[in-house]
Amino acid sequence: MNKASVDNILMVAAWWPSKEKPTAGLFIREQALAISNYITKVSVIHVSIEKELSSFPFSIKIEERNDHGLRVYHAQIKTPIRKFGIHDFLVKKTFAKVFTISAKSSPPKFFYLNVRDHITKLALEVPAFKILPFIQTEHFSFYHRGFYLLPEKDKRKQKKELIEWFSKPELKAVLPVSEDLKNTLISEFQCDQQKVAVIPNVASKDFYFEKEINNPAKIKAVSFASWDYPKRPDLLFEAASILPNDIKSRLEFHFVGEGPALNIVRESYEKEANNLTIKFHGFQPKKELADICRTSHMMIHPTDAENAPTCISESLSCGVPVLSMAVNGIPEMIDESNGILVPPNDSILLKGGILTMINHLDKFNREEIARKANALYSPETVAKAISLHINKLH
């Protein structure tokens, strides 16, 4: 891939993997790694804040490290005080401090915001950031889920704030990961349609097609995610539990990842296995996860609401057909050639989807599934699309 005309970019990330939270922001990291193949220097700032009584009045720890060529600055704020404007003050103070450190050798002329949340939005209130043009990638399910759960007063306040945000003249491009999210940003929050371009999440280069898999006596179904709501492993367990016994005897369910939603399934399985075979692999690095996925006959992703799950794009990149829910951006990723969609929150219909998948496994062309996915989600494809918008800022 040819290098872009821009040689230096600063990314502000809402989430980033850490030792304590290894799955947090993995999709953002993959995007940064993809861009680093196209732009000489990519620096990433990630700020987190947590409540800790022993850190009175506050502590700020900044770690700088090299992550496969990315220069990552992780700033951790600890304080027992979160009210009276202290939270916002400390976050802005930290952004200003990290910006100064990161910009020593080559001050950025613009920056790249990856997901706006209650922390990253405060970067725009720091003078050093405020004057810079920026582009924004958006994955957040808040816009079509969390927003509508707010009390009416808070909803009106948030809507006003978001409309003002998306009308900022410094915001040059908004890059949602799905058409569904794009439409929400335009219709609900008055984002200028001329600024918006859909660019999907990156599928890690570790996920690739290797060979076709025959339909044997035993069928391996994998599910992997950071298991928090809106993911619904409990729904999958319920659907699997009511499968016919002859199907249960043929199926092996493999769960990869950790999270409170999966803990419920693990506890239920330990109490009553329901003649199911379930293996819990815990967190796995991308390479090991890709090996598990590649040797599976299907991937099942139970969820109530998501924009463009990376687990789907990565499974498809291995040529693995996917069973998931017809919500938000997922129907943009799955059609009859690479999987099956069912309505959300219905274990009976999910059970039917599992049975249909089993009966159609030999009809899926895994090599063709992988070829089409690679054309959409490969690091090269996504990085090139993003770089076009970055170059416009130069």
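Computed from a predicted structure; not experimentally measured.

1. Structural notes on the overall build of the chain
When helices and strands are tallied, the chain shows 13 helices and 13 strands. For 394 residues, the compact-globule estimate of 2.2 N^0.38 gives 21 Å, and the chain sits close to it at 22 Å. For the chain, the C-alpha atoms occupy an extent of roughly 65 × 50 × 40 Å along the three principal directions. Per element, the accessible surface of the chain, about 17800 Å² overall, is 52% carbon and sulfur. Each charge sign in the chain was given a centre, from 52 positive and 46 negative side chains, and these centres are 6 Å apart.

2. Structural notes on the pattern of salt bridges
All told, the structure shown has 19 salt bridges when counted by the stated rule. The salt bridge involving Lys92 is made with Glu125; its shortest N-O contact spans 3.1 Å. One end of the pair, Lys92, is in helix 2 (residues 86-102); the other, Glu125, is in the loop between strand 5 (111-114) and helix 3 (127-130), and 33 residues separate them in sequence. Its relative accessible area of 26% is what places Lys92 among the partly exposed residues. For Glu125, a relative accessible area of 46% corresponds to the partly exposed category. For the salt bridge of Glu368 with Arg371, the shortest nitrogen-to-oxygen distance reads 2.6 Å. With a gap of three residues between them, Glu368 and Arg371 both fall in helix 12 (residues 366-377), about one helical turn apart.

3. Some points on the sheet that holds strand 6 (residues 134-138)
Strand-to-strand pairing in sheets goes through backbone hydrogen bonds, with the strands running parallel or antiparallel. One open sheet holds the seven strands; their spatial order is 3-4-2-1-5-6-7, and the pairing between them is mixed. Only two strands of the sheet have a single partner each, and these edge strands are strand 3 (59-67) and strand 7 (171-176). Averaged over all pairs of adjacent strands, the angle between their axes in this sheet comes to 20°, without regard to strand direction.

4. Comments concerning the pairing of strand 2 (residues 41-51)
The buried fraction of strand 2 amounts to eight of the 11 residues, a majority that puts the element mostly inside the structure. Pairing between strand 1 (residues 8-13) and strand 2: five bridges, direction parallel. Note that in strand 2 the partner of Val12 across the bridge is Ile45. Tracing the backbone out of strand 1, into helix 1 (residues 26-36) and back to the parallel element strand 2 gives a crossover that is right-handed. Pairing geometry for strand 2 and strand 4 (residues 70-79), over nine bridges, is parallel. Within the sheet, the bridge partner assigned to Val44 lies in strand 4 and is Val72.

5. Some words on the packing of helix 10 (residues 310-317) against helix 12
Pairs of packed helices are described in terms of their axes, by the angle between the two and the distance that separates them. Between helix 10 and helix 12, the least distance of the axes is 7 Å, while the angle of their chain directions is 130°. On the basis of their axis angle, the class for helix 10 and helix 12 is oblique. Mapping the contact onto sequence places Ser313, Leu316 and Ser317 in helix 10 and Ile369, Ala370, Ala373 and Tyr377 in helix 12. Residues belonging to the contact of helix 10 with helix 12 are distributed by class as follows: five nonpolar, two polar and no charged.

6. Concerning the nonpolar core
Phe224, Leu251, Phe253, Ile312 and Ile354 are the most contacted members of the largest nonpolar core, which has 57 residues in total. A per-element tally of this core places helix 6 (residues 233-241) first, with five residues. One finds Ile45, Phe129, Val174 and Cys191 within the second-largest nonpolar core, a separate group that totals 37 residues.

7. Looking at the sheet that holds strand 11 (residues 298-301)
Spatial strand order, 10-9-8-11-12-13: six strands in an open sheet with parallel pairing. Each of the sheet's edge strands pairs with one partner strand only, and the pair in question is strand 10 (278-282) and strand 13 (339-342). Taken over all neighbouring pairs, the strand axes of this sheet differ in orientation by 20° on average, direction set aside. Sheet topology note: the strand 8 (residues 219-224)/strand 9 (residues 251-256) ladder contains six bridges and is parallel. Its bridge partner being in strand 9, Lys220 is matched across the sheet by Glu252. Running over the sheet, helix 8 (residues 260-271) touches strand 9 and strand 10 and is turned about 140° from strand 10. Running over the sheet, helix 9 (residues 286-294) touches strand 8, strand 9 and strand 10 and is turned about 145° from strand 8.

8. Side note on helix 1
Of all 11 residues in helix 1, 10 are buried; the element is thus mostly enclosed. Those residues of helix 1 lying buried are Leu26, Ile28, Arg29, Glu30, Gln31, Ala32, Leu33, Ala34, Ile35 and Ser36.

9. Description of the pairing of strand 9
Taken across its six residues, strand 9 has six buried, putting it largely inside the fold. Residues of strand 9 alternate between two faces, with Leu251, Phe253 and Phe255 on one and Glu252, His254 and Val256 on the opposite face, all of them buried. Strand direction decides the pairing type here: strand 9 and strand 10, joined by four bridges, are parallel. Across the sheet, the residue bridging to Phe253 is Ile278, located in strand 10. Since strand 9 and strand 10 lie parallel, the crossover through helix 8 that links them has a hand, and here it is right-handed.

Criteria and thresholds
- Residues numbered from 1 in each chain as written.
- Predicted model: local features only at pLDDT ≥ 70, side-chain atom pairs only at ≥ 80, totals over all residues.
- Heavy atoms only, no water.
- Helix = DSSP H or I, 4+ residues; strand = E, 2+ residues; numbered from the N terminus.
- Rg over C-alpha atoms; globule rule 2.2 N^0.38 Å.
- Areas by Shrake-Rupley, 256 points an atom, 1.4 Å probe, with all protein chains shown as cover.
- Lys, Arg positive; Asp, Glu negative; His and termini not counted.
- Charge placed at Lys NZ, Arg CZ, Asp CG, Glu CD.
- Salt bridge = Lys/Arg side-chain N within 4 Å of Asp/Glu carboxyl O.
- Buried < 20%, exposed > 50% of the residue type's maximum accessible area, 1.4 Å probe, protein only.
- Pairing = 2+ DSSP bridges.
- Axes fitted to C-alpha atoms, helices over the stretch in contact; angles between N-to-C directions.
- Right-handed = clockwise from strand over helix to strand, strands pointing away.
- Parallel < 35°, antiparallel > 145°, perpendicular 65-115°, else oblique.
- Contact = heavy atoms within 4.5 Å.
- Nonpolar A, V, L, I, M, F, W, Y, C, P; charged D, E, K, R; others polar.
- Core = buried A, V, L, I, M, F, W, Y, C linked by side-chain atoms within 4.5 Å.

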